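The chain contents come next:
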Amino acid sequence: MLISPSILSADFGNLNKAISMLNESRSAMIHLDVMDGVFVPNISFGFPVTKAVASMTNLPLDVHLMIADPQKYVNQVRDSGATIMNVHQEACVHLHRCIQSIKAAGMKAAVTLNPATPVVMLEDVIEDIDMALIMSVNPGFGGQKFIPSALHKVEQLRKMIDSSSSKAIIQVDGGVNLETGRLLAAAGADSLVAGNFVFSAEDPLKAIAELAEL
Ligand code: DX5
Ligand code: ZN
């Protein structure tokens, strides 16, 4: 399993320590949750923090944009060090165009679905994207409870990808722990985001290693 720890739950007063820990861990990438207070009812951080994280690691940066009109910021996201630019389907009127701009800027393109958005919304772009993210909580906050309908959505998405020529990986975000992670692995997920489970663990390196084994 590819693990992408979310630094939303890290100690922002000591980001250096958190990133050094991730550099030593079995993380496949680092998940950065950008929130604008418009698309979601919370504000987190933006490009200066993404740039700071980029300067501390060689791990790919998986930038999850919970913002309105993400297509306006493609170049800034790229310049802040993102490897994957992940936009919400619900935030993009012209999703196909947005995906093409992300790829033209040299990044991998990912699209996220909120819990109430059906998997079929990805059908016509599935061959254009590198990653699809199923939200298993409503976006905006760390530490929420896993919404079980995400499992069926992962199964549906797995079928959609496997019956096409898409090489997209399936990521799941929200309420991931060893128990929900095991269910998600069985449903066909390739990658798990984990915030609280990693950063509130007594031994975060062990928590990441255990998820990576799933
Ligand atoms: C929620 C964010 C998540 C969050 C996950 O809006 O997109 O990435 O940090 O946190 P946990 O793993 O604590 O649910
Ligand atoms: Zn996220």
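All values reported here derive from a predicted model rather than from experimental measurement.

**Student:** For this particular structure, what's the right way to read the sheet that holds strand 7 (residues 169–173)?
**Tutor:** The strands making up a sheet associate through backbone hydrogen bonding, with each pair oriented either parallel or antiparallel. The strand order across the open sheet formed by eight strands is 1-8-7-6-5-4-3-2, and the pairing between neighbours is parallel. Edge positions in the sheet fall to strand 1 (2–5) and strand 2 (30–35), since each of these pairs with one other strand and no more. Here the average twist between neighbouring strands, direction ignored, is 25°.

**Student:** Would you explain the environment of Pro139 in this entry?
**Tutor:** Looking at the secondary structure, you find Pro139 in the loop between strand 6 (131–135) and helix 5 (149–162). What makes Pro139 buried here is its relative accessible area of 10%. Sequence spacing of Pro139 and Asp173 is 34 residues, and the spatial spacing of their C-alpha atoms is 8.9 Å. Contact partners of Pro139, with chain neighbours within four places excluded, come to Val40, Pro41, Met66, His88, Asn114 and Pro115.

**Student:** Looking at this model, I keep getting lost on the site of ligand 1. Mind explaining?
**Tutor:** Residues in contact with ligand 1 amount to 20 residues; listed here are only the nearest, Asp33, Gly140, Gly143, Asp173 and Gly195. Gly195 is positioned with one of its backbone polar atoms (N or O) 2.8 Å from an oxygen atom of ligand 1. One of the backbone N or O atoms of Asn196 is found 2.9 Å from an oxygen atom in ligand 1. Here ligand 1, which alone exposes 380 Å², has 99% of that area covered by the protein. Elements supplying a minimum of two residues to the shell around ligand 1: strand 2, strand 3 (61–66) and strand 8 (191–194). Ranked by residue count, the leading element in the shell around ligand 1 is strand 2, at three residues. Looking at side-chain class alone, the shell around ligand 1 contains eight nonpolar, 10 polar and two charged residues.

**Student:** Help me understand the state of the cysteines, please; the structure alone is not making it clear to me.
**Tutor:** A covalent bond bridging the sulfur atoms of two cysteines is what the word disulfide describes. In the structure shown here, the tally under the stated rule is zero disulfides. Free cysteine Cys92: the closest other cysteine sulfur is in Cys98, separated by 4.0 Å. The class of Cys92 is buried, set by a relative accessible area of 8%.

**Student:** What's the story with helix 4 (residues 95–104) in this structure? I'm lost.
**Tutor:** One turn of the α-helix equals 3.6 residues, which is why residues spaced by three or four share an orientation. Of the positions making up helix 4, those classed as buried are Leu95, Cys98, Ile99 and Ile102. Along the long axis of helix 4, the arc covered by the buried residues comes to 100°, so they all point the same way. Of the residues in helix 4, the exposed ones pointing more than 90 degrees away from the buried face are Arg97 and Ala104. Directly after helix 4, the chain includes Gly106, whose backbone phi takes a positive value near 95°.

**Student:** Just checking my understanding: could you explain the coordination of the zinc ion (ligand 2) for this structure?
**Tutor:** Reference values for coordination geometry: four tetrahedral donors around a metal ideally subtend 109.5 degrees, six octahedral donors ideally subtend 90 or 180 degrees. For the zinc ion (ligand 2), the full set of protein donor atoms is His31 (NE2), Asp33 (OD), His64 (ND1) and Asp173 (OD), at a range of 2.0 to 2.3 Å. Each of the six donor atoms around the zinc ion (ligand 2) contributes to a set of angles spanning 72 to 170°, which defines the coordination as octahedral. In primary-sequence terms, the residues that donate to the zinc ion (ligand 2) follow H-x1-D-x30-H-x108-D. Of this pair, His31 sits in strand 2 while His64 sits in strand 3, placing them 33 residues apart in sequence. For the pair His31 and His64, one class covers both residues: buried.

**Student:** Would you explain unusual backbone geometry in this entry?
**Tutor:** With the exception of glycine, the majority of residues adopt a negative phi angle, and the majority of peptide bonds are in the trans configuration. Residues other than glycine seldom take positive phi values, yet Asp69 does so here, at roughly 50°. Here Asp69 shows up in the loop between strand 3 and helix 3 (74–79). Judged by its relative accessible area of 32%, Asp69 falls in the partly exposed class.

**Student:** Explain the pattern of salt bridges to me, please; I cannot follow it from the model alone.
**Tutor:** Side chains that carry opposite charge are capable of pairing whenever their charged atoms lie near each other. Using the criterion set out here, one finds six salt bridges in the structure. Measuring nitrogen to oxygen at the nearest pair gives 3.9 Å for the salt bridge that ties Asp69 to Lys72. Classification of Lys72 as exposed rests on a relative accessible area of 56%. Arg158 is paired through a salt bridge with Asp190; the nearest N and O atoms lie 3.2 Å apart. Of this pair, Arg158 sits in helix 5 while Asp190 sits in the loop between helix 6 (178–187) and strand 8; the two residues are 32 residues apart in sequence, bridging distant segments of the chain.

Rules and cut-offs
- Residues numbered from 1 in each chain as written.
- Chains lettered and ligands numbered in written order.
- Predicted model: local features only at pLDDT ≥ 70, side-chain atom pairs only at ≥ 80, totals over all residues.
- Heavy atoms only, no water.
- Pairing = 2+ DSSP bridges.
- Helix = DSSP H or I, 4+ residues; strand = E, 2+ residues; numbered from the N terminus.
- Axes fitted to C-alpha atoms, helices over the stretch in contact; angles between N-to-C directions.
- Buried < 20%, exposed > 50% of the residue type's maximum accessible area, 1.4 Å probe, protein only.
- Contact = heavy atoms within 4.5 Å.
- Near = heavy atom within 4 Å.
- Polar contact = N/O pair within 3.5 Å; in protein donor to acceptor, adjacent residues only side chain to side chain.
- Areas by Shrake-Rupley, 256 points an atom, 1.4 Å probe, with all protein chains shown as cover.
- Nonpolar A, V, L, I, M, F, W, Y, C, P; charged D, E, K, R; others polar.
- Disulfide = S-S within 2.5 Å.
- Arc of directions from axis to C-beta.
- Donors = N, O, S within 2.8 Å, 3.2 Å for Na, K, Ca; no water.
- Tetrahedral: all angles 85-135°; square planar, octahedral: opposite > 155°, others 65-115°.
- Salt bridge = Lys/Arg side-chain N within 4 Å of Asp/Glu carboxyl O.

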